[in-house]
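Results of the structural survey
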Amino acid sequence: MLNSLTITQAHDKLKTKEISSVELTQACIDRIESIDTKLNAIVHKNYDKALANAKRIDEAGAFEHPLTGIPYLAKDVFCEEGVPTTASSNMLRNKDYVPPFSSTTTERLNAVGAISIAKANTDEFTMGASTETSAFGVTRNPWDTSRVAGGSSGGSAAGLAADEALFSLGTDTGGSIRQPAGFCGISGIRPTYGRTSRYGVMSMASSLDTIGPFAKNIEDLAILLEAISGKDPKDGTTSSRPVPNYRSLLTGDMKNMKIGLPKEYFVEGIQPAVEKAVHDAATVLQNLGGELIEISLPHTKYAIATYYVLCPCEVSSNMARYDGIRYGHTVSGAESLLDYYEQARSEGFGPEVKRRIMIGTYALSAGYYDAYYRQAQKVRTVIKNEFDEAFKKVDIIISPVSPHVAFPVGAHQNDPLAMYLEDVFLTAQVMAGIPALSVPCGLSADKLPIGLQIMGPQWGEETILKAAHAYEKAAWPDGFGRAVL
Ligand code: GLN
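Here the structure is a predicted model, which is why all the values come from computation and not from measurement. (Residues numbered from 1 in each chain as written. Predicted model: local features only at pLDDT ≥ 70, side-chain atom pairs only at ≥ 80, totals over all residues. Heavy atoms only, no water.)

Check the secondary structure of the protein and you find 16 helices and 13 strands. Here the C-alpha atoms of the protein give a radius of gyration of 21 Å, agreeing with the 23 Å that 2.2 N^0.38 yields for 485 residues. Taken over 485 residues, the protein has a buried fraction of 60%. Summed over all atoms, the accessible surface of the protein reaches about 17,900 Å², with 52% contributed by carbon and sulfur. (Helix = DSSP H or I, 4+ residues; strand = E, 2+ residues; numbered from the N terminus. Rg over C-alpha atoms; globule rule 2.2 N^0.38 Å. Buried < 20%, exposed > 50% of the residue type's maximum accessible area, 1.4 Å probe, protein only. Areas by Shrake-Rupley, 256 points an atom, 1.4 Å probe, with all protein chains shown as cover.)

Dropping the structure here:
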């Protein structure tokens, strides 16, 4: 099946004209049409435009770039001109918001001829760890449809794991690329803050949000990261550091690489299968020439609390623009302007978004700013400094992505705190602004994927990709395997 190819496999076939981009795109569309009712990964379809683009690319006939003619899914927060984009929220869905401009990331992909075919489901405005807060309903895990795909980029991860496209795009504010990648048995990378542009991607928490790709293997991930990275004049937080040719640095060699194993990430409560898979992965890396070093990151335990102060603060400010007047959900019969705002926001936002707006507004209020927001910013710096120190001793740090495999749909339904704890291994990196990726490292007894997290110092994407690639080649020479649906 063409839709199950990796990017590099498809590229070879496109280049030799063994297949056309129209055929490849159609194969992905057919796959979505035949299985997505089981998953609910897709929320807006863009088929006509996709097929027209594929046709144009076939006619031009030049497949120089590895992404030319390759179909993908974008999380429902990446604005694309003329394509509905709704953050899977009733706030934007009720009027089917259609952006008049495109995100830098989709523009960059468009410029090299990649083809956007559909929008993928997400937790509402990317707030969640299971894609259950979406106004479109939950996305299910292709490995076991009674389980969640993870979140918030659950649609992008599940759709790719089910071969609905050849790659997908997500956002990671507090784990939303790494966790669903881990739960769905694919790879995903959260780059260094400032490596990729946030322009045109609906914001959740602007100092924490990052844009990144999901792929079927690490080589594809390297190709994608290179294509979307780099300075963007439209996003002042992007860096002008040159973008390496990540793919050329995937040597398979781990010699002299120092690998930190932080004891705080191997604690009670981790599923034994997860702990074993990550330790086995460490052994694979060691056998490839890496040196394992036990380290300690004692402030890790404060990361979640810090994140869940800072993130809602930024959410409360970013969500202010959804007032029902400029765009989004509208109401009638309001008696005053305030009444109008109140009605539009009460009806448009779901419970998780409202919860964060309330927490954030409270933490930022004059009486509590010092106690919560300022304090959390200080802890953030402590966590960052701790990573800086650790990376003087080691080149990469490895850990589980999540303490367990994908959980059943509804497991945390009435317990928002339990949902927040899902991010236990995923928020310290965010505080430090460092890159981290997820690569599959095993299956549990009930055949659910387990993710290995590899973290690097700021701008160390090439090192973590290199280690992940070496690991993947050695541990899964025939590929990790796919969900059977
Ligand atoms: N689960 C985290 C949260 O709900 C992460 C979300 C994200 O990265 N977008 O905030």
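So, next bit.
The end-to-end C-alpha distance of helix 2 (residues 21-39) is 25 Å, a good match for the 27 Å that 19 residues give at a rise of 1.5 Å each. Bending of helix 2 peaks at approximately 40° at the position of Glu33. All of the buried residues along helix 2 are Ser21, Leu24, Thr25, Ala27, Cys28, Ile29, Arg31, Ile32, Ile35, Asp36 and Leu39. Downstream of helix 2 by one or two residues, Asn40 has phi in the positive range, about 60°. (Expected span 1.5 Å × (residues − 1). Bend = angle between axes of the 7 residues up to and from the residue.)

On to the environment of Ser402, then. Counting through the fold element by element, Ser402 comes out in the loop between strand 11 (396-400) and helix 14 (416-421). The contacts of Ser402, once residues within four sequence positions are left out, are Gln179, Phe183, Val274 and Phe425. (Contact = heavy atoms within 4.5 Å.)

The subject of this paragraph is the side chain of Arg31. The topology assignment puts Arg31 in helix 2. It turns out Arg31 is buried and unbridged, and the closest side chain with the opposite charge, Asp163, is 5.3 Å from it. What Arg31 contacts, discounting residues up to four positions off in sequence, is Asn3, Asp36, Ala162, Asp163, Glu164 and Leu485. (Lys, Arg positive; Asp, Glu negative; His and termini not counted. Salt bridge = Lys/Arg side-chain N within 4 Å of Asp/Glu carboxyl O.)

This part is about the site of the ligand. Inspection of the region around the ligand gives 15 residues, with Thr173, Gly174, Ser176, Tyr307 and Arg356 positioned closest. Between Thr126 and the ligand, the recorded distance is 2.9 Å, taken from a backbone N or O atom to a nitrogen atom. Here an oxygen atom of the ligand sits 2.6 Å away from a polar atom, N or O, in the side chain of Tyr307. Residues belonging to the shell around the ligand are distributed by class as follows: five nonpolar, seven polar and three charged. (Near = heavy atom within 4 Å. Polar contact = N/O pair within 3.5 Å; in protein donor to acceptor, adjacent residues only side chain to side chain. Nonpolar A, V, L, I, M, F, W, Y, C, P; charged D, E, K, R; others polar.)

What follows covers unusual backbone geometry. Residue Ser152 follows Gly151 across a cis peptide bond; omega there is 5°. By the element assignment, Ser152 lies in the loop between strand 5 (144-148) and helix 6 (154-161). Despite not being glycine, Asn40 has its phi angle at roughly 60°, a positive value. Examined against the element boundaries, Asn40 turns out to sit in the loop between helix 2 and strand 1 (42-45). You will see that Trp459, though not glycine, has its phi angle at about 65°, which is positive.

With that out of the way, let us pick up the pattern of salt bridges. Taken as a whole and judged by the stated rule, the model has 20 salt bridges. Between Arg147 and Asp144 there is a salt bridge; the shortest N-O distance is 3.4 Å. Among the residues examined, Arg147 registers a relative accessible area of 17% and is labelled buried. A salt bridge links Asp446 to Arg147, with the shortest nitrogen-to-oxygen separation between them at 3.6 Å.

Right, let's get into the sheet that holds strand 11. Here we have 11 strands laid out as an open sheet, ordered 1-3-2-6-8-7-12-13-11-9-10, and mixed in their pairing. A strand with exactly one partner marks an edge of an open sheet, and here the two such strands are strand 1 and strand 10 (291-295). Averaged over all adjacent pairs, the angle separating strand axes in this sheet is 30°, with direction ignored. Set on the sheet, helix 6 makes contact with strand 2 (71-75), strand 3 (115-120), strand 6 (167-172) and strand 8 (210-215); between it and strand 2 the angle comes to about 155°. (Pairing = 2+ DSSP bridges. Axes fitted to C-alpha atoms, helices over the stretch in contact; angles between N-to-C directions.)

So, on to a nonpolar patch on the surface. Taken together, the side chains of Tyr362, Tyr368 and Tyr372 present a nonpolar region at the surface, about 300 Å² in accessible area. Tracing the backbone shows Tyr368 in the loop between helix 12 (351-364) and helix 13 (370-393). You can call Tyr368 partly exposed: its relative accessible area is 36%. (Patch = residues over 30% accessible without salt bridge, like charges linked within 9 Å, V, L, I, M, F, W, Y side chains within 5 Å.)

With that out of the way, let us pick up the pairing of strand 2. Most of strand 2 is tucked away: five of the five residues are buried. Because side chains alternate across strand 2, one face comprises the buried residues Pro71, Leu73 and Lys75, and the other comprises Tyr72 and Ala74, equally buried. Sheet topology note: the strand 2/strand 3 ladder contains five bridges and is parallel. Bridge pairing in strand 3 places Lys75 opposite Ala120.

The topology assignment puts Ser156 in helix 6. Given the relative accessible area of 0%, Ser156 is considered buried. Along the backbone, Ser156 and Thr139 are 17 residues apart, and their C-alpha atoms lie at a distance of 9.6 Å.

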